[in-house]
Amino acid sequence: MIPDLPITAALPDLKAALAASANAVLEAPPGAGKTTLVPLALLDEPWLAGRKILMLEPRRVAARAAATRMASLIGEQAGQTVGYRVRQDSRVSRDTRIIVLTEALLTRRLQEDPELADVGLVIFDEFHERSLNADLGLALALEVQEALNPNLKLLVMSATLDGARIARLLSDAPVVRSQGRMFPVETLYTPPPSDRRIEPHVVSAVHKACANNDGGVLVFLPGEGEIRTVERLLREDPIPGSTLSPLYGNLSPAEQDSAIRPRSDGLRKIVLASAIAETSLTIEDIRIVVDAGLQRLARYNPSTGMTRLVTQRLSLASADQRRGRAGRVAPGICYRLWPEEETRALAAFTPPEILTSDLAPLALELAAWGEPDAARLRLLDQPPKGTFAEARELLQELDLLDAENHITPHGRDCLSFGAHPRLAHMMLRARDHSMGATAAALAAILSERDVLRTRDTDLRLRLEAFAGKADTQADRGALARAREQARTWASSLRLESREIVPALAGKLAALAYPERIARRRGQASFRMASGRGALMAEVDPLANEPFLAIAALDGAGANAKIFQAAPLALAEIDELFGKHIVWKNRVSWNERDRAVVAVEERRLYNLVLAERPLRNPPPDQVLHALLQGIRSMGLGCLPWTPEALTLRDRLRFMRRMEPDAGWPDTSDASLLEDLETWLRGYLNGMTRAGDLQRLDLEEALQSTLDWDRRKRLDVLAPKSLEVPSGSTIRIDYGQDEPVLAVRLQEMFGLADTPTIAGGRMPLLLHLLSPARRPVQVTRDLRSFWRNAYPEVRKDLKGRYPKHHWPDDPWTAKPTARIKPRGS
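Computed from a prediction, not measured in an experiment: that's the story for all the values here.

(A) Just the state of the cysteines, in detail. Going through the model one piece at a time under the given rule, you end up with 0 disulfides. Summary of cysteine pairing: Cys-210 is not part of a disulfide, and the nearest cysteine sulfur, belonging to Cys-334, is at 14 Å. Exposure remark for Cys-210: the relative accessible area of 9% places this residue in the buried category.

(B) Geometry of empty space enclosed by the protein. Using the criterion set out here, one finds 1 cavity of 30 Å³ or more in the structure. Of the pockets and cavities examined, the largest cavity occupies roughly 30 Å³.

(C) Local environment of helix α3 (residues 60–73). Along its 14 residues, α3 runs 20 Å from first to last C-alpha, staying within 8% of the 20 Å computed at 1.5 Å per residue. For α3, every residue scored as buried is listed here: Val-61, Ala-62, Ala-63, Arg-64, Ala-66, Ala-67, Met-70, Ala-71 and Leu-73. Directly after α3, the chain includes Gly-75, whose backbone phi takes a positive value near 75 degrees.

(D) Focus on the sheet that holds strand β11 (residues 242–247). Spatially, β9-β16-β13-β10-β12-β11 is the arrangement adopted by the 6 strands of the open sheet, whose pairing is parallel. Either end of the sheet is taken by a strand with one partner, and the two such strands are β9 (185–189) and β11. Ignoring strand direction, the axes of neighbouring strands in this sheet form an average angle of 20 degrees. Strand direction decides the pairing type here: β11 and strand β12 (residues 268–273), joined by 6 bridges, are parallel.

(E) Spatial organisation of the environment of Leu-110. Among the structural elements, Leu-110 can be located in helix α4 (residues 103–112). Among the residues examined, Leu-110 registers a relative accessible area of 0% and is labelled buried. When the C-alpha positions of Leu-110 and Glu-45 are compared, they lie 24 Å apart, and in sequence the two are 65 residues distant. Beyond its immediate chain neighbours, meaning those up to four positions away, Leu-110 contacts Leu-116, Gly-137, Leu-140, Ala-141, Val-144 and Trp-369.

(F) Examining the packing of aromatic side chains more closely. Counted by the stated rule, this structure contains 9 aromatic pairs. Look at Phe-748 and Trp-785: their rings are 5.8 Å apart centre to centre, the planes differ by 45 degrees, and that puts the pair in the tilted class. Placement of the pair is Phe-748 in the loop between β27 (739–743) and β28 (755–756) and Trp-785 in helix α27 (residues 781–799), with a sequence separation of 37 residues. Judged on exposure class, the residue Phe-748 and its partner Trp-785 are both buried. Centroid distance Trp-785 to Tyr-789: 5.5 Å. Interplanar angle 75 degrees. Geometry classified as edge-to-face. Of the two residues, Trp-785 and Tyr-789 both sit in helix α27, 4 residues apart, roughly one turn of that helix. Judged by relative accessible area, Trp-785 falls into the buried class, the value being 3%. Joined through ring pairs, the aromatic side chains of Phe-748, Phe-784, Trp-785 and Tyr-789 make up one cluster. A cation sits over an aromatic face here: Arg-648 above Trp-640, 5.1 Å from the ring centre. Directly above the ring of Trp-663 sits Arg-709, whose terminal nitrogen or CZ lies 4.9 Å from the centroid.

(G) Local environment of the nonpolar core. Among the nonpolar cores identified, the biggest contains 108 residues, and Val-122, Phe-124, Met-426 and Met-427 are the most heavily contacted of them. Discounting chain neighbours no more than four positions away, the residues touching Met-427 are Phe-417, Ala-419, Ala-439, Ala-440, Ala-443, Trp-489 and Leu-493.

(H) Representation of the layout of surface pockets. In this model, the second largest pocket occupies a volume close to 860 Å³. If you go around the second largest pocket, you meet 34 residues; those closest to its centre are Thr-36, Ala-65, Arg-69, Thr-282 and Glu-284. Looking at the lining of the second largest pocket, the elements with two or more residues in it are α2 (34–42), α3 and α9 (253–260). The greatest single-element share of the lining of the second largest pocket, amounting to 6 residues, is contributed by α3. Here the residues of the lining of the second largest pocket are counted per class, giving 13 nonpolar, 11 polar and 10 charged.

(I) Geometry of the pattern of salt bridges. A complete count under the given rule lists 52 salt bridges for this structure. For the salt bridge of Asp-118 with Lys-52, the shortest nitrogen-to-oxygen distance reads 3.8 Å. With Asp-118 in the loop between α4 and β6 (119–124) and Lys-52 in strand β2 (residues 52–57), this pair connects stretches of sequence that are 66 residues apart. A salt bridge links Arg-694 to Asp-691, with the shortest nitrogen-to-oxygen separation between them at 3.6 Å.

(J) View of the pairing of strand β16 (residues 332–336). Within β16, 5 of the 5 residues are buried, which leaves the element mostly enclosed by the surrounding structure. Every second residue of β16 is oriented toward a common face, with Gly-332, Cys-334 and Arg-336 on one face and Ile-333 and Tyr-335 on the other, all of them buried. Relative to β16, β9 runs parallel, the two sharing 5 bridges. Looking at the pairing, Leu-188 lines up with Tyr-335 of β16. Here strand β13 (residues 286–291) runs beside β16; their pairing, made up of 4 bridges, is parallel. When the sheet's bridge partners are listed, Asp-291 is paired in β16 with Arg-336.

Thresholds, definitions, all that
- Here the residue numbers are simple positions, counted from 1 along each chain's written sequence.
- Note on the predicted model: pLDDT of at least 70 is required for a residue's local features to be given, and 80 or more for side-chain atom pairs to be given and counted; whole-chain, interface and lining totals, by contrast, use all residues.
- The side-chain numbers reported here are obtained from all heavy atoms of the structure, hydrogens and water having been left aside.
- Disulfide: a pair of cysteine sulfur atoms within 2.5 Å of each other.
- To sort residues, take the accessible area from a 1.4 Å probe on protein chains only and compare it with the maximum for the residue type: under 20% means buried, over 50% means exposed, and anything in between is partly exposed.
- As defined here, a cavity is a set of points on a 1 Å grid over the protein atoms alone where a 1.4 Å probe fits but cannot get out. A pocket is an open set with protein on both sides within 12 Å along at least five of seven lines, and residues line them when an atom is within 4 Å of a point.
- Grid points are joined across faces, edges and corners, and a volume is the space filled by probe spheres set on the points.
- Labels follow the DSSP assignment, with helices taken as runs of H or I lasting at least four residues and strands as runs of E lasting at least two, numbered in each case from the N terminus.
- A helix's residues, less one, multiplied by 1.5 Å, set its expected span.
- Following DSSP output, two strands are said to pair if at least two bridges run between them.
- Every axis corresponds to a line fitted to the C-alpha atoms, with the helix fit spanning only the stretch in contact, and the corresponding angles, defined between N-to-C directions, vary from 0 to 180 degrees.
- Working rule for contacts: check all heavy atoms of both residues, and any pair within 4.5 Å makes them a contact.
- In this scheme Phe, Tyr and Trp rings, the latter by its six-membered ring, pair at centre separations within 6.5 Å, and the angle between planes marks the pair as stacked below 30 degrees, edge-to-face above 60, and tilted otherwise.
- To sit over a ring, a charge needs its Lys NZ or Arg CZ within 6 Å of the ring centre and within 35 degrees of the ring normal.
- Grouping buried Ala, Val, Leu, Ile, Met, Phe, Trp, Tyr and Cys residues that are joined through side-chain atoms within 4.5 Å yields what is termed a nonpolar core.
- Throughout, the ten residues Ala, Val, Leu, Ile, Met, Phe, Trp, Tyr, Cys and Pro are labelled nonpolar, Asp, Glu, Lys and Arg are labelled charged, and all others, Gly among them, are labelled polar.
- When a carboxyl oxygen of Asp or Glu is within 4 Å of a side-chain nitrogen of Lys or Arg, the pair counts as a salt bridge.

Here it is, written out as structure tokens:
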């Protein structure tokens, strides 16, 4: 019997929209009933003409649940009028008209049958989740509609996304809106103490919720690890009259279905769920939601070529979706385990996967479609250019794309295999070398959460557990799923032998992750072929291996943490990657030895496998390396004599005085930047930091000046000045203004302050005692003689009685002696 749900009122408008247009958008809040009623309502529309409806769901559990629910509404079993297809499970027959499938399977079907001749409608359910497969599927379906099947109609259904934006993508498709039926939900905020982990606080909140409210409980946690911990804590401190039901993606279909089905024994059901329960699924006996407020997302970093799982605050849209689960069938209550004021700071939506994910699968799909340029597809958001370029480079390294980014025959084989391009490449190449069974097992292990609960990184241990040769700390559920997946892949490979050889783990991991082949550079420290570093615990048995193939790692910064790896022999690297290994010359500066080193390196990408001295390195490369060494050490490594420093300061002074006259910039930054200009010609034959002490920096700096400018410098900024006593005194240009430090007695008889720069700059006089200590600093010598000298004379006469201190400095004879001659 078809229930009367809120979506029913919108069905006439939706039918009219699809009758008049090729596409439509349906906005319906959670609980409206769109997933189960819309396909059934459209099944007999005239424009469908007996063809099939495909409806996409983001997850396998949602696809099975939706198909099963629709079939029950018309008194049938799944597989009759309504069926489903998900990975490793299918319920369809020749009579099936509505097929619910996961989003990735639509892309597979489009690649194999782009016309979709027997399909009249594709429904994109829960499109607001913005998975990569949903975005790609919609873009490809639009091309099919325009070029191959004009009778195909597309319907995008969303609960929280901007329907107008989707409508524009669908050529201004009509938007139909449905009212939801949401029972009142009370929201309580109960943040944990700052020093408490989230899992114990979740357990406390569940106990509190059950003590104060009736009905089932849906607990949202970021992932499987937290779900397991909360389950263990609740079993240690059980709630009377309740039963626990975990719900996450890696559970078996039977376990997932058990969590969804209402209980008939009167026990309160407590469902511990990941984000899998946010949308699509209705768990009928839920009245209470406990939301930890966290979500775990895969984030791809193109600069490292790695995807890492990030646990972060959920979006506001997700928080509202979760809260709404408590009010689907009756009034409910939602416990939010974070401060209320933080809700206002939540991001509006979770970023779409196309902006944050590994784009290698997308790049391969587009190449197979015949349109390698994503910018030409009608995507709601374009993929980041850098990430997309990195993805295509990887596919070229794996020989899945050619140099023009066209798919290769090997790439087509990998695409049809139904695994990530890395793993498909590994399995197909391994099959050709009689390693297929082990490759299928390893690919299945790498597709799962770790099958061993151990800190040891060795992939061989995991293959041994897979083969039943060891089961220490094994995750039975993960092993069972991996074995089932491996059987499927092994069957596709058509293997003659199913023997698992753990010793092959390194070779196989290297095939899938060539940029993560690593060489030991220190204790438990490795350098990968990508150029990045990687670390593991010093107690790990693999910590001293000379080479590793790393399959799983995580972490930002210069070094990632290794989680899964296997030993790899140099001979195996040669065997697998011989055509990618090259000899390259490297002439560079060695910081430790403070010298230029010249070697020939045998390289796999950025990884040095071996090296030997390079005889007769190119002089220009040696010079370049030496200049880089000078830059790294700084100008202080050069022999700055007083003459060189003075010249540098004089040039700096003239640049200040005549900023538009083209005087060279002698600041540290400019000299380092322009080493090639002023120092290059003086470095011939030098290779070490010690050789630099032979440099004549004064001559090097002067080489930047032509003859006229040298003469002008000597006139306007002279090195020294002859004072009245006849002494020649060096001018200090290293201060903010030029300084002449001279004994006071040598200036007797001079009325005016000496100047430089053609009379534009008076020198700052440091008038010194006989002991060369400043007794006066002045720019106005005349004023000093007139006003300050009498007092200074008294002081100096008392301290230096043997010296001549005349009453009249204007007429006194200047002297550098104790007493002037003839006095």
